[in-house]
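# Chains, contacts and geometry: an overview
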Amino acid sequence: MPSPAPDSPDANLLRGHLDLILLSIIQGQPKYGLEISKQAQERTSGYFDLKVGSLYPALLRLEKAGFVRGGFQSAPRSGSPVKVYALTESGGKELEARRREFETFTRQLGKLWQLGGAS
Amino acid sequence: MKATDRYLRAATRGLWGRARRELRTELTGHLNERVAEFRLAGLSVEEAERRTLRELGTPERVSGGMLGVHTVPALGKVGALGVLLATALLTALPQGLAQVKSIYGNPNNIGPSSYLNFEQLMDAIKKAGGELSGPPDAATITVPGAPRSNYPLNTAQWAGATLQQDGATFLQTATFVNGLLNSGADLRVTGWKNPSLESGTSRITLETEDWRVLNDLYLQTLLVSGPKLNAGAIWNSLESNGNTGDLAFTGEFKKGSIYTFIMPTFSDWGSQNPSGKIIDSGNIILKSNVNQAEQGRIQFRIDNDIRNFKLFSDVRGFQAALDPYRDTTKVHHWDAAHPAPVLLLELSGHFGPDAYTVVSPASVKAD
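Think of each chain on its own: its residues are numbered from 1, step by step along the sequence as written. Throughout, the order in which chains and ligands are written sets their labels, letters from A for the former and numbers from 1 for the latter. This being a predicted model, a pLDDT of at least 70 is required before a residue's local features are given, and a value of 80 or more before pairs of side-chain atoms are given or counted; all residues contribute to the totals for chains, interfaces and linings.

## Describing the overall build of chain B
Strands are runs of DSSP state E lasting at least two residues, helices are runs of H or I lasting at least four, and both sets are numbered from the N terminus onward. Looking only at helices and strands, chain B features eight helices and 20 strands. Here a residue counts as buried when 20 or more other C-beta atoms sit within 10 Å of its C-beta, as exposed when there are 12 or fewer, and as partly exposed otherwise, the C-beta atoms being derived from the backbone. Across the 367 residues in chain B, those meeting the buried criterion constitute 46%. Any pair of residues counts as being in contact when their C-beta atoms, constructed from backbone geometry, are within 7 Å of one another. For chain B, restricting intrachain contacts to residue pairs at least 6 apart in sequence, the fraction spanning at least 24 positions comes to 68%.

Here's what the structure looks like:
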């Protein structure tokens, strides 16, 4: 009997696609860390649960790579400074490239399932 | 100390300067905002804080992750850091019997490091059963027995990876070592004068007795595999800048074994990305001196500013003792009341988790 679909992704799968997940969330409206982790949860019904320990190092890596730009602003409730991240132009291109790559990958993988599949 | 403060300290441990301040501010904002949300939902201050901290996960994962990003320099691998240092210095070594000539150089705007004669290196690797091919600044390496062949050495296309001297081309030792490691080779440095790089049954002997080249070589084992000591600060081998002296220890030192003395000095520094933008800065530079011990005794070159020091028995204690001195808004000095935290490590020469062991302060005595 096949296993039911998991309610959270495999850790390696999540790690491998973390940049794509973050760039996808940040595109459009700039967001700070807490907003990003909450949106990841809310928009996927809890499937993506980004812990602080992987979220902030990944944001720093994206910032160093020039894909996002961070700046401090006051948070809406506490008034504390929070770092708000916005997608840069190269970040937008990177997101597009990674999205295409991911779509191609899943499409090709899907062909293998069809051929070997449920006959 | 409050639980939140403890969390923030642990989550930023090991980071320096601006990187530390920014992460602390960012995490504080995250915590405060989440606590405010829980408070709006009707939770007490204590319960809101407890729930927030539980949600965040372990602080060590934050600091470990941030260190991982900060310690891979923007220009590529270890050694390619665009340190704001000036002056060019090239030192040729006398000819000897060993196979690959090593020199110590400092291309423009890059921290000084050691270089290997590229042509001799090609020959030595061929004799060892491997292959080094292509132009020096875009060469590929194949190590016998290593899982990945034709591995590119200078993936970052960094200009400082090679330099010319007396009509010969030299390849930066760190670039070469990182390429060997990237090919999956199990690597070890052995010996002191005319040391060898060994991988399986292959061996490349380097022609050098220059202490700076030897320091650079052993320092690579720590930079790649050692404790996360640099953490955004620049980790230098000790330069003969006129402010150095000698320091000897007696105790349980094994004849022929290699040891290093790690010492913090105060100096403002910054690192930059390829377009020249400052991406990180701090006020502490960790310097090191590596040497070979005689039986029961070892001598190090030290920076005279750390004449007052305290040896630590573990890396965490050393890092924690440095924390109060990373405040860049204050001037700090090492003196009898504020001794410099230092570490004495025994080096195995192996690139791996066993690269170093901390020498117990109780087993040694400064002369």
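Next comes the rest of the write-up.
## So, helix H2 (residues 17-40) of chain B
Here H2(B) is 24 residues long and its end C-alpha atoms lie 35 Å apart, about the 34 Å a rise of 1.5 Å per residue gives. Directly beyond the C-terminal end of H2(B), a positive phi value near 100° is found at B:Gly42. One less than the residue count of a helix, multiplied by 1.5 Å, gives the span that helix is expected to have.

## Looking at the environment of B:Val213
Residues and elements named next belong to chain B. If you trace the backbone, valine 213 turns up in helix H7 (residues 211-225). Assessed through the 23 C-beta atoms surrounding it within 10 Å, valine 213 is described here as buried. Through-space distance from the C-alpha of valine 213 to that of serine 113 is 7.3 Å; in sequence the pair is 100 residues apart.

## Points about the environment of B:Arg301
All names here are of chain B. With respect to the element layout, arginine 301 can be found in strand E16 (residues 297-303). Arginine 301 gets classed as partly exposed once you count the C-beta atoms within 10 Å, which come to 19. Each C-alpha atom of the pair arginine 301 and serine 288 lies 8.8 Å from the other, and the pair is 13 residues apart in sequence. Residues contacting arginine 301, with those up to four places away along its chain left out, are Leu238, Thr244, Asp246 and Asn289.

## Comments concerning the interface of chain B and chain A
The interface is formed by 22 residues belonging to chain B together with 19 residues belonging to chain A. Elements with a contribution of two residues or more to the side of chain B that touches chain A: H2 and helix H4 (59-70) of chain B. Counting residues per element, the side of chain B that touches chain A draws most heavily on H2(B), which supplies 11 residues. Here the term charged refers only to Asp, Glu, Lys and Arg, the term nonpolar to Ala, Val, Leu, Ile, Met, Phe, Trp, Tyr, Cys and Pro, and the term polar to all other amino acids, Gly among them. Taken together, the residues of the side of chain B that touches chain A break down into eight nonpolar, nine polar and five charged.

## A closer look at the sheet that holds strand E6 (residues 151-152) of chain B
Within the open sheet, the three strands sit side by side as E4-E5-E6 (chain B). Their pairing is antiparallel. One side of each edge strand has no neighbouring strand; the edge strands of this open sheet are strand E4 (131-133) and E6 of chain B. Criterion used throughout: strands pair if DSSP finds at least two bridges between them.

## Quick word on the confidence of the model for chain A
The predictor's confidence in any single residue is recorded as pLDDT, a number from 0 to 100. Mean pLDDT over chain A stands at 86; residues scoring 70 or higher make up 91%. Within chain A, the element-level pLDDT minimum falls on helix H1 (residues 11-16) of chain A, averaging 80, and the maximum on strand E1 (residues 31-32) of chain A, averaging 95.

## Brief notes about helix H5 (residues 118-127) of chain B
All names here are of chain B. Taken together, the buried positions of H5 are occupied by Leu121, Ala124 and Ile125. Relative to the axis of H5, the buried residues are bounded by an arc of 95° and lie together on one face. The exposed residues of H5 that point more than 90 degrees off its buried face are Lys126 and Lys127. One or two positions beyond H5, positive phi appears at glycine 129, with a value near 95°. Taken from the helix axis, the directions to the C-beta atoms give the arc we talk about.

## Comments concerning unusual backbone geometry
A positive phi is found at A:Ser45, a non-glycine position, where the angle reads about 50°. Looking at where A:Ser45 falls in the secondary structure, it is placed in the loop between helix H3 (33-43) and helix H4 (52-64). Exposure remark for A:Ser45: the 8 C-beta atoms within 10 Å place this residue in the exposed category. The phi torsion at B:Asn194 lies on the positive side, around 50°, for a residue other than glycine. Mapped onto the secondary structure, B:Asn194 falls in the loop between strand E9 (188-190) and strand E10 (196-199). Residue classification places B:Asn194 among the partly exposed residues on the basis of 17 C-beta atoms within 10 Å.

## Observations regarding the packing of H2(B) against helix H3 (residues 45-56) of chain B
Angle between the axes and distance between the axes: these two values describe a pair of packed helices. Residue and element names in this part refer to chain B. It is at 9 Å that the axes of H2 and H3 come closest, and there the two elements cross at 130°. Taken together, the axis directions place H2 and H3 in an arrangement best described as oblique. Considering the relative orientation of H2 and H3, their crossing is right-handed. On H3, the residues that touch Leu31, Arg34, Val35, Phe38 and Arg39 of H2 are Val45, Ala48, Glu49, Arg51, Thr52 and Glu55. Here the contact of H2 with H3 is composed, by residue class, of five nonpolar, one polar and five charged. Lines fitted to C-alpha atoms define the axes, with helix axes restricted to the stretch in contact, and inter-axis angles between N-to-C directions lie between 0 and 180 degrees. Here is the rule for angles: anything less than 35 degrees is roughly parallel, anything more than 145 is roughly antiparallel, 65 through 115 is roughly perpendicular, and the remaining ranges are oblique. Should the near helix be turned anticlockwise from the far one by less than a right angle, the crossing is left-handed, and should it be turned clockwise, the crossing is right-handed.

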